[in-house]
Amino acid sequence: MGKQPRSRATTTTKAETAEQRADDGRLLRQTLLIAAVIVAALLIWQLSHILLLVFGAILVAIVLRTVAEPFERFARLPPRLAVLAALVSLLILMALGGWAFGREISSQTSDLTDRLPDAWQAARGQLASLPFGAEVVERIDSLIDQVGQEDEAGTAPPPAEDGEGSPGVAPAPPAAEGGLLSGGVFANVGAFAGLVASVIAELMLVIFAGLFLALNPQSYKAGFVRLFQKRSASTADTVGKAFDVSGTGLRRWLLGQLAAMVAVGVVTGLGAWAIGLPSPLALGMIAGVLEFVPIIGPIVATIPALLLAATMGPEMILWTLLLYLVIQQIEGNLIMPLVQKRMVSLPPVIALFSILIFAALFGPLGVLLATPLAVVVFVLIKGVYLDEPISEKDAASSK
């Protein structure tokens, strides 16, 4: 009888010890999970540029697979041959477009580039004549001067020291001492050439990676899904569904965006020609390309048109503003609603904030890819997490 309290105490102590060990195990797992999330976030941040290039390759692959579908369906070509046929067709189409319109586009683009400096001076004069315009012009000029000083910070000559001339007087510029090659102009040109070469190299990398992805997309998907099969079959199914939903969403968004870009470019070019703006083909091409970046792109596209209109008087400025406002109304109330019935509709607020966020995080490349990245997140939440149709077409077909 006397041994029962000791036995109960021993049992209680063992239970408390087991519970303490379980708590310690949970704390350790939570700590490791938090550490893993932090390490993964830091790794993603360090590799963000490469990951954006990978996403660009995925977009290229989706474009190639979309163009290849008619070859598979009607010509009965195998998937890989259909992708190659799609690539050849796109190259031929680009070559024909360059042959038919390349000279005119190049001429009008060059003419537009030559006109813009004078156009800015004319716009600057008209802006200065408006109420509070002089203050706006002064701030713009100070901003331009500040940017120019920052660009020349690394090549500006140091002030003269004692014994080398009058105090505070700068020595002769490098061009006078050692010719143009010793100046900062060619250094800037070399840096610009290096930047262009880097952009071209990354573009070629994205295109070739997209081609390889398009040739055999199922193997890459299956390999990624297989990583989650050991955890559970439901997790693997969810990952596979995420691939399918995001791919479908991106494909439909790209098709809709391409239709909007072509429509806006054609209407802008015809409208600019109708009201008498110079270089209408170049203005239409700029408007069509910038339509890829919703909300901000169309606003930026109006700047060169307004600068050209400023050289032709206030009446032309009003006509240009009216033209671009009408085009945006047509795009927002006619083109996009028709497109979004069968494609993915991204809420404007999400598109705007995604552009601002990715621009702050990743710069120009983030601006370019912000909307398709937002589309992926949007369709994953809608199609996988909420299990809802990702477009009006899906909603109508499910009824």
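Every residue gets a number counted from 1 within its own chain, in the order that chain's sequence is written. Thresholds applied to this predicted model are a pLDDT of at least 70 for local features of residues and 80 or more for the giving and counting of side-chain atom pairs; totals over whole chains, interfaces and linings are not thresholded and use all residues. To get the side-chain values, take all heavy atoms of the structure and skip hydrogens and water.

Novice: Quick rundown of the nonpolar core? Include the residues and the values.
Specialist: Only buried residues count toward a nonpolar core. Its members are Ala, Val, Leu, Ile, Met, Phe, Trp, Tyr and Cys residues joined through side-chain atoms within 4.5 Å. Here's how the labels work: a residue is buried when its accessible area is under 20% of the maximum for its type, exposed when over 50%, partly exposed in between, all with a 1.4 Å probe on protein chains only. Ranked by size, the top nonpolar core spans 23 residues in total, and within it Phe-55, Leu-250 and Val-375 carry the most contacts. Labels follow the DSSP assignment, with helices taken as runs of H or I lasting at least four residues and strands as runs of E lasting at least two, numbered in each case from the N terminus. When residues of this core are traced back to their parent elements, those giving at least two are α2 (48-73), α8 (233-275), α12 (348-362) and α13 (364-385). For this core, the leading source of residues is α13, giving 8 residues. Among residues more than four places away in sequence, those in contact with Val-375 are Gly-249, Leu-250, Trp-253, Val-344 and Leu-346. Residues Ala-119, Ala-282, Leu-283 and Ala-305 belong to the second largest nonpolar core, which totals 20 residues. In what follows, residue pairs with any heavy atoms lying within 4.5 Å of each other are defined as contacts.

Novice: Quick rundown of α12? Include the residues and the values.
Specialist: The first and last C-alpha atoms of α12 sit 21 Å apart over 15 residues, in line with the 21 Å expected at 1.5 Å per residue. If you check which residues of α12 are buried, you get Ala-351, Ser-354 and Ile-355. Along the long axis of α12, the arc covered by the buried residues comes to 105°, so they all point the same way. Opposite its buried face, α12 presents the exposed residues Val-349 and Ala-360, each directed more than 90 degrees away. In this structure, the buried residues of α12 make contact with α10 (296-310) and α13. Just beyond α12, the residue with positive phi is Gly-363, at close to 80°. Given a helix with a known number of residues, its expected span is that number minus one, times 1.5 Å. The directions from the helix axis to the C-beta atoms form the arc being described.

Novice: Tell me about the packing of aromatic side chains, residues and numbers included.
Specialist: By convention, a stacked pair of Phe, Tyr or Trp rings (six-membered ring in the case of Trp) has centres within 6.5 Å and planes under 30 degrees apart, an edge-to-face pair has planes over 60 apart, and any other such pair is tilted. Applying the stated criterion across every chain yields a total of 4 aromatic pairs. Residues Trp-45 and Phe-362 carry aromatic rings whose centres are separated by 6.1 Å and whose planes lie at 40° to one another, so their mutual orientation is tilted. Highlighted residues: Trp-45 in helix α1 (residues 4-46) and Phe-362 in helix α12, separated in sequence by 317 residues. When its relative accessible area of 24% is taken as the criterion, Phe-362 is described as partly exposed. Between Phe-224 and Phe-243, the aromatic rings sit 5.4 Å apart at their centres with planes inclined by 65°, giving edge-to-face as the arrangement. Here Phe-224, found in helix α7 (residues 217-226), pairs with Phe-243, found in helix α8; they are 19 residues apart in sequence, far enough to count as distant. Here a set of aromatic residues connected by ring pairs shows up, and it is made of Trp-45, Phe-358 and Phe-362.

Novice: Talk me through empty space enclosed by the protein; I want residue IDs and the actual numbers.
Specialist: A 1.4 Å probe that fits but cannot get out identifies a cavity on a 1 Å grid over protein atoms alone, an open set with protein on both sides within 12 Å along at least five of seven lines counts as a pocket, and a residue lines either if it has an atom within 4 Å of a point. Grid points are joined across faces, edges and corners, and a volume is the space filled by probe spheres set on the points. In the structure shown here, the tally under the stated rule is 1 cavity of 30 Å³ or more. Taken as a whole, the largest cavity spans an internal volume of roughly 40 Å³. Along its surface, the largest cavity is lined by Val-264, Thr-268, Ala-287, Glu-291, Pro-298, Ala-301, Tyr-324, Ile-327 and Gln-328. Within the residue set of the lining of the largest cavity, elements represented by two or more residues are α8, α10 and α11 (314-340). With 3 residues, α11 is the largest single contributor of residues to the lining of the largest cavity. Class assignment for the residues of the lining of the largest cavity results in 6 nonpolar, 2 polar and 1 charged. Following the grouping adopted for this structure description, the nonpolar residues are Ala, Val, Leu, Ile, Met, Phe, Trp, Tyr, Cys and Pro, the charged ones are Asp, Glu, Lys and Arg, and the polar ones are all others, Gly among them.

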